[in-house]
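Single-letter residue listing:
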Amino acid sequence: MNAKVNISNRAGASFPVRRMDFEFGEVARYWAGDDAGLTHFMTALSALFPEGEQFFVDSTRAVRKNPKLSDPDLQREISAFIGQEAMHSKEHLAFNSSAQAYGYDVRTMENQTAKVIKTGTKVVAQLLKPFGFSKEMIDLTGTCALEHFTAVIASELLQNKHVQAIFNNKTMYQLWMWHAIEENEHKAVVFDVYTAMYGRGLKAYGMRATAMILAMTLIFITQSYFTAQLMKTDRKLTLKDSKYMLKFMYGRKGFITRQIPELLDFFRPNFHPNDSNTDQLLADWKLKLGF
Ligand SMILES: [Fe+2]
Ligand SMILES: [Fe+2]
C-alpha cells in the first residue's frame, strides 16, 4: 500500500474507518486498460462519488436522531458508515482533481451530479408531498437504493479478476479496491436504518423499489453523459474508440451486465443486503491490501 493508512474504530462499530491519503500525481492519462474508453467510464463513475456520497451522509445524518434509531449498535454502525463515506468523497475528489490536469473537466461533472441529486429529490418530494412523503423520506430511500448499487459494483470488483486487471496503476488499483472493500463492509447500514424507520411493509417496499428504478435511470443517463463528455475532450467520441469499453462494460459477460441479477435482487420483498455473504471475500481482500 503506497497510501498513508490510518485505521481507527472510535465508534466501536463492526467495521473501522480507514483514513487514506492517496497520491495521484503519477497516474497516467489512460490508467484503465491503457484505453480511453475504459478510463473515462471509470472516471465518469468517480465523478459521481464526491457529491453522491455526501448525499448519502447527509440523508443518514438527517434521520439519525430519530427515536426509532436509538439502538446503540445501530448508532455505532451509522457513525462508522459516515466516516467511511466521507473518506471516499475526499479521495475521489482528490483523484478527480488530478484528472483535471489532463484537461478533463471533472469538477463541472461533480457540480452537475449535485444538481441532478438536488433536482431529482426535490421533484420527487414535491410530487409525493400530498401523499404524506417528506423530503427526508425521499432522501433516505434514494440512499438505501444507491447503497445497494454501490455494494453490487463493489462485490463485482472484488470478484472479477478480468476487471481487477485493467488497473495499470497501483494507486488507482488501491483506491478502487479499498473503496470496494468498505462498500461491502457497510452495505447493510442504510438498509437497516431504512427498515428501522419505515418497517418492512408494502409501503416501504414500494418506496425502495421505485427509488431503485429512478436512481438507476438517473445514474445511467448521467454517467453515460459524463463518459461521452470525457471521450469528446479527447476527440474520441466515436464507435471505433468506444467499442472496447462498450463490450467490456455492457457485453454478454460485461462488468455491468454481470451485475444485473444481483441488482435485481433488491426487488425481492424480503431482501436484505447480508443475504449475499461476502465475509470470506472481504477477509481475503483485507489481507491482500494489508488492512
Ligand atoms: Fe463509498
Ligand atoms: Fe456506501
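Everything quoted here is computed from the prediction, not taken from an experiment.

Calculation rules
- Residues numbered from 1 in each chain as written.
- Chains lettered and ligands numbered in written order.
- Predicted model: local features only at pLDDT ≥ 70, side-chain atom pairs only at ≥ 80, totals over all residues.
- Heavy atoms only, no water.
- Core = buried A, V, L, I, M, F, W, Y, C linked by side-chain atoms within 4.5 Å.
- Buried < 20%, exposed > 50% of the residue type's maximum accessible area, 1.4 Å probe, protein only.
- Contact = heavy atoms within 4.5 Å.
- Salt bridge = Lys/Arg side-chain N within 4 Å of Asp/Glu carboxyl O.
- Helix = DSSP H or I, 4+ residues; strand = E, 2+ residues; numbered from the N terminus.
- Donors = N, O, S within 2.8 Å, 3.2 Å for Na, K, Ca; no water.
- Polar contact = N/O pair within 3.5 Å; in protein donor to acceptor, adjacent residues only side chain to side chain.
- UniProt positions renumbered as here; feature names shortened; annotations may be inferred.
- Phe/Tyr/Trp six-rings, centres within 6.5 Å; stacked < 30°, edge-to-face > 60°.
- Axes fitted to C-alpha atoms, helices over the stretch in contact; angles between N-to-C directions.
- Parallel < 35°, antiparallel > 145°, perpendicular 65-115°, else oblique.
- Left-handed = near helix turned anticlockwise from the far one by under 90°.

(A) A look at the nonpolar core. In this structure, Trp31, Met42, Met172 and Trp176 are the most contacted members of the largest nonpolar core, which totals 84 residues. The contact partners of Trp176, leaving out residues within four places of it in the chain, are Trp31, Met42, Leu45, Ser46, Phe49, His92, Leu157 and Phe167.

(B) Examining the pattern of salt bridges more closely. The tally for this structure, following the rule as stated, stands at eleven salt bridges. Note that Asp234 and Arg29 form a salt bridge whose closest N and O atoms lie 3.6 Å from each other. A residue pair is termed long-range when its members are at least 10 positions apart, and Asp234 in the loop between helix H8 (202–233) and helix H9 (239–250) and Arg29 in the loop between strand S2 (17–21) and helix H1 (36–63) qualify at 205 residues. Owing to a relative accessible area of 16%, Asp234 belongs among the buried residues under this scheme. Within this structure, Arg18, Glu182, Glu185 and Lys286 form a network of salt bridges that share partners.

(C) Representation of the coordination of the iron ion (ligand 1) within the structure. On the protein side, the iron ion (ligand 1) has Glu53 (OE), Glu85 (OE), His88 (ND1), His179 (NE2) and Glu183 (OE) as donor atoms, found 1.8 to 2.4 Å from it. Sequence positions of the residues that donate to the iron ion (ligand 1) give the spacing E-x31-E-x2-H-x90-H-x3-E. Separating the iron ion (ligand 1) from the iron ion (ligand 2) is a gap of 3.8 Å, which Glu85 spans by donating to each of them. Of this pair, Glu53 sits in helix H1 while Glu183 sits in helix H6 (residues 170–185); the two residues are 130 residues apart in sequence, bridging distant segments of the chain. Residue classification places Glu53 among the buried positions, given a relative accessible area of 0%. Overall, the relative accessible area of 2% leaves Glu183 in the buried class.

(D) Seen up close, the coordination of the iron ion (ligand 2). Around the iron ion (ligand 2), the protein supplies Glu85 (OE), Glu147 (OE), Glu147 (OE), Glu183 (OE) and His186 (NE2) as donor atoms, at distances of 1.9 to 2.6 Å. Mapped onto the sequence, the residues coordinating the iron ion (ligand 2) show the spacing E-x61-E-x35-E-x2-H.

(E) Fine view of the side chain of Thr121. Among the secondary structure elements, Thr121 is positioned in helix H3 (residues 106–128). One polar contact links the side chain of Thr121 to the main-chain carbonyl oxygen of Ile117, over a distance of 2.7 Å. One polar contact links the side chain of Thr121 to the main-chain carbonyl oxygen of Lys118, over a distance of 3.2 Å.

(F) Geometry of the UniProt feature "transmembrane region" (unreviewed entry) in the protein chain. In this numbering, the UniProt entry assigns the feature "transmembrane region" (unreviewed entry) to residues 205–226. For residues 205–226, helix accounts for 100% and strand for 0%, while the C-alpha atoms at its two ends are 31 Å apart.

(G) Structural detail: the environment of Met207. Within the secondary structure, Met207 sits in helix H8. Met207 gets classed as buried once you look at its relative accessible area, which sits at 12%. Excluding residues within four positions of it along the chain, Met207 makes contact with Phe133, Met137, Thr141, Tyr194 and Tyr198.

(H) Representation of the packing of aromatic side chains. Using the criterion set out here, one finds 17 aromatic pairs in the structure. Where Phe41 meets Tyr250, the ring centres are 6.1 Å apart and the plane angle is 75 degrees; that geometry is what we call edge-to-face. With Phe41 in helix H1 and Tyr250 in helix H9, this residue pair connects regions lying 209 residues apart in the sequence. The partly exposed category is assigned to Tyr250, whose relative accessible area is 34%. Centre to centre, the rings of Tyr173 and Trp285 are 6.3 Å apart; their planes meet at 50 degrees, and the pair counts as tilted. Here Tyr173 is found in helix H6, whereas its partner Trp285 is found in helix H11 (residues 279–288), with 112 residues between them in sequence. You can call Trp285 buried: its relative accessible area is 4%.

(I) Up close: the packing of helix H4 (residues 135–159) against H6. Across the interface, H4 lies against H6 with an axial gap of 8 Å and an inter-helix angle of 125 degrees. In terms of orientation, H4 and H6 fall into the oblique class. Judged by the sense of rotation from one axis to the other, the crossing of H4 with H6 is left-handed. Contacts between H4 and H6 involve Glu147, Thr150, Ala151, Ala154, Ser155, Leu157 and Leu158 from the former and Trp176, Met177, Ala180, Ile181, Glu183 and Asn184 from the latter.

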